[in-house]
Every structure is written in structure tokens, then in C-alpha cells.
Amino acid sequence: MTKAKKPKLLQGNIACAMGAIKAGATFFGGYPITPSTEIAEYMAAQLPKAGGRFMQMEDEIASIGAIIGASCVGHKSFTATSGPGFSLMQELIGYACNAEIPIVIANVMRSGPSTGLPTLPAAQDVMQARWGTHGDHSIIAISPYSVKETYIQTIKAFNLAEKYRTPVIILMDEKIGHLREGFDVSDDEIPEIIQRKRTLDKENYIPYENTPSMVPEFIPLGCGARYHITGLTHNEKGFYTQKSDEVEKFLFRIYDKIEKNKEDICEYEMFEMDDAEVVIVSYGSVARSAKEAVSKLRASNVKAGLIRLITLWPFNDTLIYEKCHGKKLVLMPEMNLGQLSLEVERAIKDTPFYSLHGAKADLIDPKVMADKVISLLKERGEV
Amino acid sequence: MQTAYKKYFRDNLPHIWCPGCGNGIVMGAFARAIEMLDYDKDEVLVVSGIGCSSRITGYLDFNTLHTAHGRALAFATGAKVAEPRLKTFVIMGDGDAAAIGGNHFIHACRRNIDITTIIINNNIYGMTGGQFSPLTPKGRKATTAPYGNIDRSFDIVDLSKGAGATYIARGDVFHAFRLSYLIAEAARHKGFSVVEAVSTCPISYGRHNKFKGAADMVNYLKKRTIALNRASRMNPEALEGKIITGIFYESEDEEYCDAFERLEASVKKGARK
């Protein structure tokens, strides 16, 4: 008699940490905070075995500062935090955008504001991820909805950080972070690992050269190029400039390198969308309920479908317009008072829209979603 | 020696500092220290924060990292731990190091990471036009202390000692060559080393505090500074108002990157068992 293979259960936070090591992270700087701490604990135990170094810093500002420093000398670097710590990191997220230093930040979202509800989930940091640091910039933020996807998307987060030389934020929530579920990843599901594009031409190196790719090639500090990295607005050589043409070129380049590459960056999943007349747009743990809601609605003869956004920023407005414009109804459930809903409402243009708020610091019940859709359709005389 | 250090500068001078500013003297002292140490320029990393002092990294021909206000040591710590081969220096101002960056400063001291930190103390926030800092002496005036500063000030030597730094020195911009020596000694020391470089800001500090100009401020340093070995033989009354300079403390303890190597060796050994 052969024993049946036991399913391997894994926690979301651990999947995130494992993904980071798989992606080649060799430096972690962090500070304990619920509900993300398991990521730091795993990195402390496993990074030394994987040839990397773990540091527990004095606060979250130091954590992000240290990972930017390690990335400047060529290491894939990572930190993990939650709401209050994410707030403290905001200034230096802008530094990494400005100086184009690849870093990955996992923010396991808890309910806020302030200390809020440290052990309970929310998606209240979605707009903070986009706009929390001062100044015009673009950003990449990813919201996985399962343990396995957390692993895969963490690897992809590193890939995107390296490819576009920018900070990438993994927006998990407490439910995904602490969820334990089956974890079975085959080798062909693991994304190819990408390294930032390097040049060996240290003699003629122009650190922030404007090229068609919009992403400058990299030489780590300490490898013979002896250049300058700054958070000041800089010219192609990396030195402070206030010349209006250089300033404008710089700002557009760091913005466009992300906003004009949405097709490459943005990921999503379609569920029952082929003949859908009602669309639910969702992301993160709430998308699990949304899938169930779609099935419930289908059982009640409502042709419902789901667009599950994996990439939240840059916002995939083209996709949302193409798939939602002109439908009977678009519903967006979120574990907040309506954050990404604003973007969806903007993108769908004159299509009936309802933002379903979740402020109970818990998942939104699929039945609540389905009932809301049916009552809205009844109000409009659509059923 | 007088001109040899020029090779350590990029070709983007003149600098932005006001006439009579001490930052240029510290920058020169730093370049001479590197000359004494004979370091390969490619192996030197210089990290700064924000403020007048932080602009030094823009002029020096090394690997240079100009970070955010107060955060130079956080960036430098990450870089050094990731690449311990780099000879890592941090240059900060007094507000940069002791106010907004105070937490990073004490924790860098505590870890004993092999970084040489130079705190240029001109007693004021210069870049923003003369607000009092944690190193502005009590009673002095600043734009945000127009009736005199009522805050007590830090003593960088005592602060570093309490936090665990293993090399602590104080120099000044009048004794510029001695400052070079103190910086070079700090770099030779394995562990976290602190050099306070007492400097002058004639425009944003001196003018508010009855100094007649840059020369007057440097003369003030000349008169008020006293070497540690002489000071140790003087009574406290005679030392009132003096600025004591020299190497205050030097000790040995495990360096932080060495501790990482030790940890990694034990993890590998454990894995073999």
C-alpha cells in the first residue's frame, strides 16, 4: 500500500519570504511588526544559509535605508512591514524612485488608521502605496490572493524591481499573510529570475543616461565607476540639476518607464468573463470571496464575471475600460472605504458602478456581494 | 602633500558653500587622510545625509552616496554589511547626525560596524538658514531661538561613548592637519569610529552670535581648543568654555561584519552535522 502524498501547508508570509530567497535576495533589513513578522523571522533563519545577510534595524526608516544602501552596491534587497512601519518608510520609497534603486517592500496590510487593529486585515494602504511618498512618481504594487501566488508574485516583484530599477511593493493583507493552504509549485511555474541590466563599460559610464528603454544600465557602487547617487533631481551624470529641460526629461522618464510599460507589468485573472453582463472587480483576499459570489450569481441566472487584478499599480485602466464599459453593472468590493474603486469608476466611464466597502476588518461575505448585485439590478429593473 | 590630494576631487568645483565656511577645510582634511591611508579610490564609499555638509560627496571622486536627511548611517550600514570590502565613510552635519539621525547614530555605535563617521559640527542648521541644532550651545542665538537657545546640547564624545563606539575623537577646522590625522586614525581603527570636526558657519551662526566674520570664528577655535593631554592636567574651572580635542577613547570589540562571518561559519558547520 502506498501512502498518499501529504499536502504541504504553507503560510502566506513564509511563501513571500521563500519567494524572496528564490528571487535571489541577499539582503534583508527589517523591524518587527504584526502581521508581517514571520517574514523577518524566516529571513533571519534562512538567509544566512542562502548566502545572504539579515539585519534587524532600529526602526523601519533604517530598514528601508539599509536595503537601499545594499542595493546600491548591487544586492537584491528586501524588507517587510505593516501599516505603521509602511508609513515610516514613505520618504525613502521616494528616494528609491528618484535614484532608481531596485528594492522590494512587502506591506502586509492591517486595519488602520494609526495602530488600528494590528491582527486584522484591511486593504487600506492601497492609495498610500501609490501616493504615500511626496512628489510625482510612478510605482509598482502587486496584490496576491493566495499562498502560492504570493510566492510566484514575490519572485516577479524582484524581477520588476530589477528590470525597471524601481521600488516594488507587495500589498498583502493579514488574511493572505497568515493563511495556510496547500503549496505545490512545479519548476515550470517558477518565473525566470531577472537581474538588473548591467554594463561593464565603467570608463564611459553615464549613470542616468536617457535611452529608449528609459531604464539606465547599472554598475554597483564600488565596482570602478566612482559615480554619484543622490535623491536630488539629477542630470544624466547623476549630479544635481535645476535646468528646466533636464528636470522635465528626468521626471517624465522615471514616470513613463512604468506607466508606458503597463502591458509588460500588469497582470490579472479573468473568471467567467466571456459572456458576463455584470462584472466584479477585485484583488487580494477579497477576490476569493468575489469568485464565490460570481458562482452564486451564476446559480441565480445572473451572468456575472470577475476581473481579479494582481497588479494594482500602475493601474490597468485600458483593461478595465475594455472589459467593463457598457456592462449592466460593475461592482468593486474592497476591504476599505473605497480606494481602488475610484480608479475603476474613472476608467469605466458612464457605466453603472457600485463600490462595496468593507470596514469590519474581515473578509467580505460572498453572499453580501451577490445580494448587493441582485438588489442593484432589481432597482434598475434589470432582473 | 599640499597638492597631492587634488586627485581625490571631481572636476565640478567651485563648491556651493558660503565664504568662510568650514566644510571645505573638513573636505580637504578628509582628502589628505585618504592620501595618508593610501586607499584605492575605487574601494572607498563615502555616504552623506542632507545639509551643507552632505554636499561633500558631490565633490569627491569616490563611490559617493548622497542620501536623505539623517539617514546616511542607515544606507551606509546596508552597503557595508552587503559589501564589507568597501572602506566606508559617513559625513554628516550636527543636525543630520544628532537630531533627525540620532537613532541611527546610537545604533551604529552599538553595532560596532567598521564605518568611519565624521560629524561636522558647526552648531547650526546652515542650509535652511540658521536654526538651532542639538549641538547649539545653550544661550546661543538662532533664527528659531531669537531670545537664546534654552535646549541643552549633546556632547558627541559622551554620546558616542555611551552608545558603544570604539574610537572617538574630536578635532577642529583651525587644526586642519591634525584633523586629517584623526580621520586617518579613525579609518585604521577596526570598528565604529566617530570624529567630531568642530567647524564654523560665519553666515548662519556667527552673525547671530557676535562673531565679526570667518577669521574671528577660526581665531575663536584657536583660542578655545585645548589638547586632551593638556586638558587632563587642568582643573574644571580652567576648562570652562574650552573645546577639548584629541582621541578620547579607543577600544577593541568584535566588529559587526566579522560577527556576520562568524555566524555564517557556525550556520554552515551546523548544516554539515
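Here the residue index of a chain counts from 1 through its sequence in written order. Chains carry letters and ligands carry numbers; both start at the beginning, A for chains and 1 for ligands, and go up in the order they are written. Local features in a predicted model are, by the rule used here, given only for residues with pLDDT of at least 70; side-chain atom pairs are given and counted only at 80 or more, and totals for whole chains, interfaces and linings are based on all residues. Based on all heavy atoms of the structure, the side-chain values leave hydrogens and waters out of the count.

### A look at the interface of chain A and chain B
Buried accessible area, meaning the area lost when the parts come together, often serves as the stated size of an interface. What counts here: In this description, contact between two residues means that some pair of their heavy atoms is separated by no more than 4.5 Å. Two parts placed together each lose some accessible area under a 1.4 Å probe, and the buried area is that loss summed for both. Salt bridges are defined as contacts in which a side-chain nitrogen from Lys or Arg sits within 4 Å of a carboxyl oxygen from Asp or Glu.
The partner chain B presents 39 residues to the 37 residues of chain A that form the contact. Buried area between chain A and chain B, both sides added, is near 3,100 Å², and the carbon and sulfur share of it is 58%. Summed over the three residues of chain A that lose the most area to chain B, namely Arg53(A), Glu58(A) and Arg226(A), the buried surface amounts to 27% of that side. At the surface where chain A touches chain B, the tally comes to four salt bridges. Arg226(A) is the salt-bridge partner of Asp61(B), the closest N and O atoms lying 3.1 Å from each other.

### Topic: the state of the cysteines
Residue and element names in this part refer to chain A. Put simply, the rule reads: By convention in this document, the label disulfide applies to cysteine sulfur atom pairs within 2.5 Å. The buried label goes to any residue with under 20% of its type's maximum accessible area, the exposed label to any with over 50%, and the partly exposed label to all in between, with areas taken from a 1.4 Å probe on protein chains only.
In the structure shown here, the tally under the stated rule is zero disulfides over all chains. Of all cysteine sulfurs, the one in cysteine 223 lies closest to cysteine 72, which takes part in no disulfide; the gap is 12 Å. What makes cysteine 72 buried here is its relative accessible area of 0%. Not engaged in a disulfide, the cysteine cysteine 97 finds its nearest cysteine sulfur in cysteine 72; these two sulfurs lie 13 Å apart. Its relative accessible area of 5% is what places cysteine 97 among the buried residues.

### Quick word on the nonpolar core
Selection criterion: Buried residues of nine kinds, namely Ala, Val, Leu, Ile, Met, Phe, Trp, Tyr and Cys, make up a nonpolar core once their side-chain atoms join them within 4.5 Å. Each domain's extent is set by a domain assignment, obtained either automatically or from a database.
By size, the foremost hydrophobic cluster in this structure holds 113 residues, and its most contacted members are Ile68(A), Ile229(A), Leu309(A), Ile320(A) and Phe192(B). Here this core spans two domains, and each of domain 1 (9-189) and domain 2 (269-379) of chain A adds at least three residues to it. Counting 41 residues, the second-largest nonpolar core is a separate cluster that includes Cys16(A), Ile142(A), Ala161(A) and Met172(A).

### Some remarks on the sheet that holds strand 4 (residues 115-121) of chain B
As a reminder of what qualifies: Being paired, for any two strands, means DSSP has found at least two bridges between them. Helix numbers and strand numbers start at the N terminus; a helix is a DSSP run of H or I with at least 4 residues, a strand a run of E with at least 2. Convention adopted: a line fitted to C-alpha atoms gives each axis, helices being fitted over their contacting stretch, and angles between N-to-C directions are expressed from 0 to 180 degrees.
Here nine strands make up an open sheet; going across it, the order is 10(A)-2(B)-1(B)-3(B)-4(B)-8(B)-7(B)-10(B)-9(B) and the pairing mixed. Here the strands that pair on one side only, and so sit at the sheet edges, are strand 10 (228-230) of chain A together with strand 9 (225-227) of chain B. Strand-to-strand twist across the sheet, computed as the mean angle between neighbouring axes with direction ignored, equals 20 degrees. Pairing of strand 7 (residues 167-172) of chain B with strand 8 (residues 193-198) of chain B, which is carried by six bridges, proceeds in the parallel orientation. When the sheet's bridge partners are listed, Ile168(B) is paired in strand 8 of chain B with Val194(B). Helix 4 (residues 83-99) of chain A rests against strand 10 of chain A together with strand 2 (63-66) of chain B of the sheet, and its axis sits at about 140 degrees to strand 10 of chain A.

### Quick look at the sheet that holds strand 15 (residues 329-334) of chain A
Residues and elements named next belong to chain A. Pairing is mixed across the open sheet formed by five strands, whose spatial order is 11-13-12-15-16. Only two strands of the sheet have a single partner each, and these edge strands are strand 11 (268-271) and strand 16 (353-357). Going from strand to strand, the sheet's axes swing by 20 degrees on average, the running direction of each strand aside. As paired elements, strand 11 and strand 13 (residues 304-309) share four bridges and run antiparallel to each other. Note on strand 13: the bridge partner recorded for phenylalanine 271 is leucine 306. Contacting strand 11, strand 12 (278-282), strand 13 and strand 15, helix 10 (residues 286-299) runs over the sheet at an angle of about 165 degrees to strand 13.

### Things to note about the packing of helix 1 (residues 23-37) of chain B against helix 7 (residues 176-188) of chain B
Residue and element names in this part refer to chain B. Which entries qualify depends on this criterion: An angle counts as roughly parallel when it lies under 35 degrees, as roughly antiparallel when it exceeds 145, as roughly perpendicular when it falls between 65 and 115, and as oblique in every other case. Left-handed describes a crossing in which the near helix is turned anticlockwise from the far one by less than a right angle; the clockwise case is right-handed. Amino acids are sorted into nonpolar (Ala, Val, Leu, Ile, Met, Phe, Trp, Tyr, Cys and Pro), charged (Asp, Glu, Lys and Arg) and polar (every other residue, Gly among them).
Remark: helix 1 packs on helix 7, axes separated minimally by 8 Å, with the N-to-C direction vectors making an angle of 50 degrees. Overall, the two elements helix 1 and helix 7 adopt an arrangement that is oblique. Where helix 1 crosses over helix 7, the handedness of that crossing is right-handed. Two secondary-structure elements touch here, helix 1 through Ile25, Val26, Ala29, Phe30, Arg32, Ala33, Met36 and Leu37 and helix 7 through Ala176, Phe177, Leu179, Ser180, Tyr181, Ile183, Ala184, Ala187 and Arg188. Of the residues that constitute the contact of helix 1 with helix 7, the class distribution is 14 nonpolar, one polar and two charged.

### Side note on the pattern of salt bridges
Residue and element names in this part refer to chain A. Tallying each qualifying case throughout the model produces 34 salt bridges over all chains. One salt bridge connects glutamate 217 with lysine 197, and the closest N-O pair in it is separated by 3.8 Å. Of this pair, glutamate 217 sits in the loop between strand 9 (180-182) and strand 10 while lysine 197 is found in the loop between strand 9 and strand 10, placing the two residues 20 residues apart along the sequence. Looking at glutamate 217, the relative accessible area reads 33%, which means it is partly exposed.

### Regarding the domain arrangement of chain A
All names here are of chain A. Let me state the cut-off plainly: Counting of polar contacts relies on pairs of N or O atoms within 3.5 Å, with two restrictions inside protein: one atom must be capable of donating a hydrogen and the other of accepting it, and residues adjacent in sequence are counted only when both atoms are side-chain atoms.
If you check the domain split of chain A, you get domain 1 (9-189) and domain 2 (269-379). The distance between the C-alpha centroids of domain 1 and domain 2 comes to 27 Å. With 28 residues of domain 1 at the interface, the matching set in domain 2 holds 22 residues. Both sides together, the interface formed by domain 1 and domain 2 hides about 2,000 Å², and carbon and sulfur atoms give 60% of it. When the buried area of domain 1 at its contact with domain 2 is split by residue, Met127, Ser143 and Tyr145 rank highest and sum to 31% of it. Inspection of the region where domain 1 meets domain 2 yields three salt bridges. Connecting domain 1 to domain 2 are 14 residue pairs in polar contact (both at pLDDT 80 or more). Listing elements by their share of the side of domain 1 that touches domain 2, those giving two or more residues are strand 6 (117-121), helix 5 (126-131), strand 7 (140-142), helix 6 (147-164), strand 8 (167-173) and helix 7 (174-178). Take the side of domain 1 that touches domain 2: its biggest share by element is four residues, from helix 5.

### Some words on a positive patch on the surface
Residue and element names in this part refer to chain B. Rules: Within the patch definition used here, like charges are joined within 9 Å and nonpolar side chains (Val, Leu, Ile, Met, Phe, Trp, Tyr) within 5 Å, considering only residues with over 30% relative accessible area and no salt bridge. Accessible surface is estimated by sampling points in the Shrake-Rupley manner with a 1.4 Å probe; for residues, cover comes only from the protein chains shown. Charge assignment: positive for Lys and Arg, negative for Asp and Glu; neither His nor the chain ends contribute. In plain terms, the charge of a residue is placed at NZ if it is Lys, CZ if Arg, CG if Asp and CD if Glu.
A cluster of basic side chains, namely Lys212, Lys222, Lys223, Arg224, Arg230, Arg233 and Lys242, defines a positive patch on the protein surface. Per-element accounting of the positive patch gives the leading share, three residues, to helix 8 (residues 214-224). Considering the arrangement of structural elements, one finds arginine 224 in helix 8. Assessed through its relative accessible area of 30%, arginine 224 is described here as partly exposed.

### Things to note about helix 6 (residues 156-163) of chain B
In an α-helix there are 3.6 residues to a turn, and that puts residues three or four apart on one side. All names here are of chain B. Stated formally: The directions from the helix axis to the C-beta atoms form the arc being described.
Listing the buried residues of helix 6 in full gives Ile156, Val157, Ser160 and Ala163. Projected down its long axis, helix 6 carries its buried residues within an arc of 140 degrees, all on one side. Looking at helix 6, the residues exposed on the side facing more than 90 degrees away from the buried face are Asp158 and Gly162. On its buried side, helix 6 packs onto helix 4 (94-100), helix 5 (102-111), strand 4, strand 7, strand 8 and strand 10 (243-250). Where helix 6 begins, the side chain of aspartate 155 points an oxygen toward the backbone nitrogen of valine 157, at a separation of 2.9 Å. After helix 6 finishes, the residue glycine 164 shows a positive phi value of roughly 110 degrees.

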